[in-house]
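Fold and contact review
Here is what each chain is made of, one letter per residue.
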Amino acid sequence: MITIRKANERGIADFDWLHSKHSFSFGHYYDPAQMGFGPLRVINEDRVVPGEGFPTHGHRDMEIISYVLDGALEHKDSIGTGSVIRPGDVQRMSAGTGIRHSEYNHSKSDPVHFLQIWIVPSEAGLPPGYEQQHFPIEARRGRLALIASPDGRQGSVTVHQDVQIYSTVLGADEQASLELAQGRTAWVQIARGEVRVNGETLVAGDGASLVSETVLTLDGVTDAEVLVFDLPGPTAG
């Protein structure tokens, strides 16, 4: 079964410096029917104007992944990490017992467009940590490239949950597929372009949950970029 979450149904936070669309309940946007999907708790599509950003704030017991689509995102945190994240980079920050960080648009002239993803960890009280890896377009073109996993295999960032995250870049008529083991579910997030997901057409900003499916198939309709989450458990929650 596939259930589509349309882009125009998402929650919205709109400020002078930030335009954000929330696939699941977040901040002032609350919908009891949209509280996440399994351990996947947040997918926010954020656009931040030049030179602005999120001032220093704290998190606990959450795996936070940043995935930049356009521009550059500057990160600083309380464990001494300072970095700039650009398209193709994947950042994983484990909040664990507590971490403080800031995120700013690194550019004074161009906006930054990125996805902020939160995953509930498999256990609380982990040490805070940070990791960043680069996945070039050519490694993701026409195939599902693993970008996050519990064991960091294939050069993916390590996430403290039984979750695999894949990224693909598809052209028109290109296809990528993923077998889903029994008892697994999937979430698909269209970052840009238009794609058919198991025959259903989705466009940028759309998401979809897959339950009781054995195969996930993506067919490019236009040039597109897609994230796929292979998740435990049969239901959203």
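Preceding this paragraph is the structure being described.
Residues numbered from 1 in each chain as written. Predicted model: local features only at pLDDT ≥ 70, side-chain atom pairs only at ≥ 80, totals over all residues. Heavy atoms only, no water.

1. Looking at unusual backbone geometry
Working note: non-glycine residues mostly have negative phi, and peptide bonds are mostly trans. Phi angles above zero are rare outside glycine, and Gln154 is one such case at about 55 degrees. Judged by its relative accessible area of 59%, Gln154 falls in the exposed class. With phi around 50 degrees, Asn198 is a residue other than glycine that occupies positive phi space. Looking at the secondary structure, you find Asn198 in the loop between strand S18 (194–197) and strand S19 (200–203). (Buried < 20%, exposed > 50% of the residue type's maximum accessible area, 1.4 Å probe, protein only. Helix = DSSP H or I, 4+ residues; strand = E, 2+ residues; numbered from the N terminus.)

2. A look at the environment of Asp31
You can see Asp31 is positioned in the loop between strand S3 (18–22) and strand S4 (40–48). In the structure, Asp31 is positioned 132 residues away from Val163 in sequence and 24 Å away in space, judged by C-alpha atoms.

3. Concerning the pairing of strand S6 (residues 63–70)
Where burial is concerned, most of S6 is hidden: 7 out of the 8 residues are buried. Summarising the sheet, S6 and strand S9 (residues 89–94) pair through 5 bridges and their orientation is antiparallel. For Ser66, the partnering residue across the bridge sits in S9 and is Gln91. Alignment of S6 against strand S11 (residues 112–119), held across 7 bridges, turns out to be antiparallel. From the neighbouring strand, Tyr67 faces S11, where its bridge partner is Leu115. (Pairing = 2+ DSSP bridges.)

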